[in-house]
Amino acid sequence: MTVLLAALAALPAPAEETGDAVRDPAVTAGEIIAHIKYLSSDDLEGRETGTAGSEAAARYVARIFAEAGLRPGGDGGTYFQKFPISPKVSLGKSNYFYISIRGKKERLVPGVDYAPLGVTEDGLRAGEMVFAGYGISAPELGYDNYGGLDTRGKIVLALRYAPPGLDRRGRYYEYSSLRHKIATAMEKGARAVIFTTPTTRSEEEDIESAALGVPPAVRGMQALIVRRDVAEEILAASGNSLGGVEEALAGEEGSPLPLPGTRAEIRTELVRGGDSASNVVGYIEGRDPAVRGEVIVIGAHYDHLGRRAGGGTADDIYNGADDNASGVAGLMELAGYFASADARPRRSLVFAAFSGEEKGLVGSSYYVSRRERTPGRIAAMVNLDMIGRLRGNKLAVFGWTSSPAWRPLVAAACYSAGLEANYGAAAPGPSDEAAFAMNGIPAVHLSTGVHEDYHTAYDEWTKINPEGTATVLRAAAELVSYLANAGEAGELSGDAFAGISGAGVYIGALPDYSGSGTGAALLGVVEGSPAADAGLEAGDRVTGVSGEKIAGMDDYVRAVRGMSPGERLRVTVERGGASLSVVLVPEKR
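Note that the structure is predicted; figures quoted are calculated from it, not measured.

Novice: When you look at the overall build of the protein chain in this model, what are you seeing that I'm missing?
Specialist: A count of helical and extended segments in the protein chain gives 15 helices and 29 strands. By residue count, 55% of the 589 residues in the protein chain fall in the buried class. Taking the contacts inside the protein chain whose residues are at least 6 apart along the sequence as the reference set, 78% of them involve residues at least 24 apart.

See the structure below:
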């Protein structure tokens, strides 16, 4: 195999820090740290998808792309590709919740004792309280928590999930979601519904994030989650306890309970943010007409986690310097380098800064699902995620199993930069490269690895190794140069980049390769894909395929490799504590 050493020779070694100068086409440590300092600054407030800080980061990347001379690859001749997201929801100024038990009035603290669900309607609701078990009304299944209970004009208290013994029966699944329970309470004439967590389940430490994270669905009433100790206090007034009512509800029969002398008064005000975010996309057209229709995508996600829930100081900001301001800095540096090279690559290069990676690969999945808008066929993808903390000379490589060609290519690129490739788990990878690999596109992820500051407020620019990041980028540039220049038309397809899809199948499910536990958790499902048509959803955990047990990610990868186009497969998943079975029909890739 011939590796294009000329590209490496043209790439300069790390230079002295150059302050805030970021327009030099050379890849330098100074430019890298200047990019990272801005993207991870407190002013951008953690770059959570859909926020003002995230939008500022997107504009910054677009400006650097424009200064480098990249052509816009987004919507309407811009660098921005918009995609829909669930609106961000936060507490407004006017939120209170009073409980009166036999004349004694108590005020609960929002974000501590209770939190409104993201679906709730703003306004004031008050009324007597009743307890409606698990909030399930399924008389056709012999289970009705509302049987004989008068709920019109009242505030309903209900348990989350489903009774033990019933929660794993697929026929109860549709009744156990919060959305379905809210709709049921509305149908029964309730003014509001208050949920609490059963003693058999773990209770969230951050109740505000858990509640507001429920996306809008049913509107027209108020819905909240309260701490268990609040629910215990309410039930104690009627001579009951959570454990006691849960035991009574375990059988296939309802057990409604009036709460005499108990009232609730609730005012809710939520602030909803934007319902869209943007990928930032620019491209360089290849110089060779024979292969310029084959595209290499270089990607990095610019979003991060935002602020700690309830936090109001700089110490509560998740700055995300390594995750992933470092990868975006590398993306912009490589864009400037390749755009200014004396001889453009033969193939076309797309530089994509994705948003929504932390939300489940939302931006990259959207990009791949609309890849027909890319200026050519995507032949391969190189992802840069967390490249800012090189220790020694070890470079972590994920996604290498998406093609048998990756290991020799990455090994050669690392060798030329003085690095040693450390290959991760045998799966496409834990970041945006998975959106490409599961769509039949060979994709690899370069990283300097996870550290103790991962997903904490301590991932700051002062801990970045800019010289080490420049070294990683020399390896990345060598890899991209080879992909963009080697071979003839069509040689980056076929057996060399067969991917993990085995017999050329496409299913459109994006598994969480970094997850733990049994089965394979799905980070996302591509709209309109076979997985979506089968009814699979983000958050599902695949536990079986056509009778074969899926114990972990290796089993899942083997199952995908063995699929054939048009084959009807019975896929078993766990969802919300229930076990479901769906029929999946893979398509030809």
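Novice: Would you explain the pairing of strand β10 (residues 155-159) in this entry?
Specialist: Looking along a regular strand, one sees the side chains alternate between the two faces of the sheet. With 5 of its 5 residues buried, β10 lies for the most part within the structure. Covered by surrounding structure in β10 are I155, L157 and L159 together with V156 and A158, the residues of both alternating faces. In this structure, strand β7 (residues 123-131) lies alongside β10, joined through 3 bridges in parallel fashion. Of the residues in β10, the one forming a bridge with V130 is V156. The pairing of β10 with strand β11 (residues 192-196) spans 5 bridges and is parallel. Counterpart to L157 in the pairing with β11 is I194.

Novice: Explanation requested: the packing of aromatic side chains in the structure shown.
Specialist: Geometry of an aromatic ring pair is reported as the spacing of the ring centres plus the angle between the planes. The full count for this structure, using the stated rule, is 10 aromatic pairs. Where F97 meets Y114, the ring centres are 5.2 Å apart and the plane angle is 90°; that geometry is what we call edge-to-face. In this pair, F97 sits in strand β4 (residues 96-101) while Y114 sits in strand β6 (residues 114-116), placing the two residues 17 residues apart along the sequence. Aromatic pair Y337 and F338: ring centres 4.9 Å apart, planes at 70°, arrangement edge-to-face. Across the pair, F338 and Y337 agree in class, each one buried. Here the aromatic cluster, defined as three or more aromatic residues joined through ring pairs, consists of F354, Y367 and F436. One cation-aromatic arrangement involves K37 over W461; the distance from NZ or CZ to the ring centre is 4.6 Å. Over the face of the ring belonging to Y423 we find R407, whose NZ or CZ atom lies 3.9 Å from the ring centre.

Novice: Explanation requested: empty space enclosed by the protein in the structure shown.
Specialist: Any empty space left between the atoms is revealed when a probe the size of a water molecule rolls over them. Per the counting criterion, the structure on display carries 1 cavity of 30 Å³ or more. Of the pockets and cavities examined, the largest cavity occupies roughly 80 Å³. Taken together, the elements giving at least two residues each to the lining of the largest cavity come down to β25 (541-545) and α15 (553-561). A per-element tally of the lining of the largest cavity places α15 first, with 3 residues. Grouping the constituent residues of the lining of the largest cavity by class yields 13 nonpolar, no polar and no charged.

Novice: Mind showing me how you'd approach the environment of M221 here?
Specialist: Here M221 is to be found in the loop between α6 (207-212) and β12 (222-226). Look at M221 and you get buried, because its relative accessible area is 2%. With 100 residues separating them in the primary sequence, M221 and E121 have C-alpha atoms 5.3 Å apart. With residues up to four places along the chain from it excluded, the contact list for M221 reads V119, T120, E121, R125, I182, A185, M186, A190, R191, A192 and V193.

Novice: Honestly, the nonpolar core in this entry has me stumped. Any pointers?
Specialist: In a soluble, globular protein the nonpolar side chains are often hidden away together inside. Core analysis: the biggest nonpolar cluster contains 69 residues, and F65, F351 and W406 have the highest contact counts within it. For this core, the element with the highest residue contribution is helix α13 (residues 466-485), accounting for 11 residues. Sequence-distant contacts of F65, defined by excluding residues within four places in its chain, comprise L70, Y79, V280, V281, G282, L331, M332, A335 and F351. Membership of the second largest hydrophobic core comes to 31 residues, among which are I99, I101, A138 and A264.

Novice: Even after reading the chapter, I still don't get the environment of I378, so can you show me in this structure?
Specialist: Within the element layout of this structure, I378 appears in strand β18 (residues 377-384). Sequence-wise, I378 and L349 are 29 residues apart; in three dimensions their C-alpha atoms are separated by 9.4 Å. Filtering out sequence-adjacent residues up to four positions away, I378 remains in contact with V295, V297, Y367, R371, F436 and I441.

Novice: Please clarify how helix α7 (residues 228-236) should be interpreted in this entry.
Specialist: Count 3.6 residues to each turn of an α-helix, and residues three or four apart come out pointing the same way. Those residues of α7 lying buried are R228, V230, A231, I234 and L235. One face of α7 carries all of its buried residues, which in axial projection span an arc of 155°.

Novice: What's the story with the environment of S176 in this structure? I'm lost.
Specialist: Within the secondary structure, S176 is located in helix α4 (residues 170-176). Of the residues examined, S176 reaches a relative accessible area of 11% and is grouped as buried. For the pair S176 and A578, spaced 402 residues apart in the sequence, the C-alpha separation amounts to 9.1 Å. Ignoring anything within four residues of it in the chain, the contact list for S176 reads Y161, A162 and K181.

Novice: Where do I start with the pairing of strand β13 (residues 257-268) in this structure?
Specialist: The sheet contact formed by β4 and β13 spans 6 bridges and is antiparallel. Paired with S100 across the two strands is R263, which belongs to β13. Pairing between β7 and β13: 8 bridges, direction antiparallel. Paired with F131 across the strands is L257, a residue of β13.

Novice: Sorry, what's going on with the pattern of salt bridges here?
Specialist: Where charged atoms of side chains with opposite charge meet at close range, the side chains can pair. Tallied over the entire structure, the rule returns 19 salt bridges. Between E67 and R63 there is a salt bridge, with its nearest N and O atoms 3.0 Å apart. With a gap of 4 residues between them, E67 and R63 both fall in helix α3 (residues 52-68), about one helical turn apart. Of the residues examined, E67 reaches a relative accessible area of 34% and is grouped as partly exposed.

Definitions and limits used
Residues numbered from 1 in each chain as written. Predicted model: local features only at pLDDT ≥ 70, side-chain atom pairs only at ≥ 80, totals over all residues. Heavy atoms only, no water. Helix = DSSP H or I, 4+ residues; strand = E, 2+ residues; numbered from the N terminus. Buried < 20%, exposed > 50% of the residue type's maximum accessible area, 1.4 Å probe, protein only. Contact = heavy atoms within 4.5 Å. Pairing = 2+ DSSP bridges. Phe/Tyr/Trp six-rings, centres within 6.5 Å; stacked < 30°, edge-to-face > 60°. Lys NZ or Arg CZ within 6 Å of the ring centre and 35° of its normal. 1 Å grid on protein atoms, 1.4 Å probe; cavity = no way out; pocket = protein on both sides within 12 Å on 5 of 7 lines; lining within 4 Å. Points joined across faces, edges and corners; volume = space filled by probe spheres on them. Nonpolar A, V, L, I, M, F, W, Y, C, P; charged D, E, K, R; others polar. Core = buried A, V, L, I, M, F, W, Y, C linked by side-chain atoms within 4.5 Å. Arc of directions from axis to C-beta. Salt bridge = Lys/Arg side-chain N within 4 Å of Asp/Glu carboxyl O.

Honestly, that's just the spatial picture; any functional story needs more than this.
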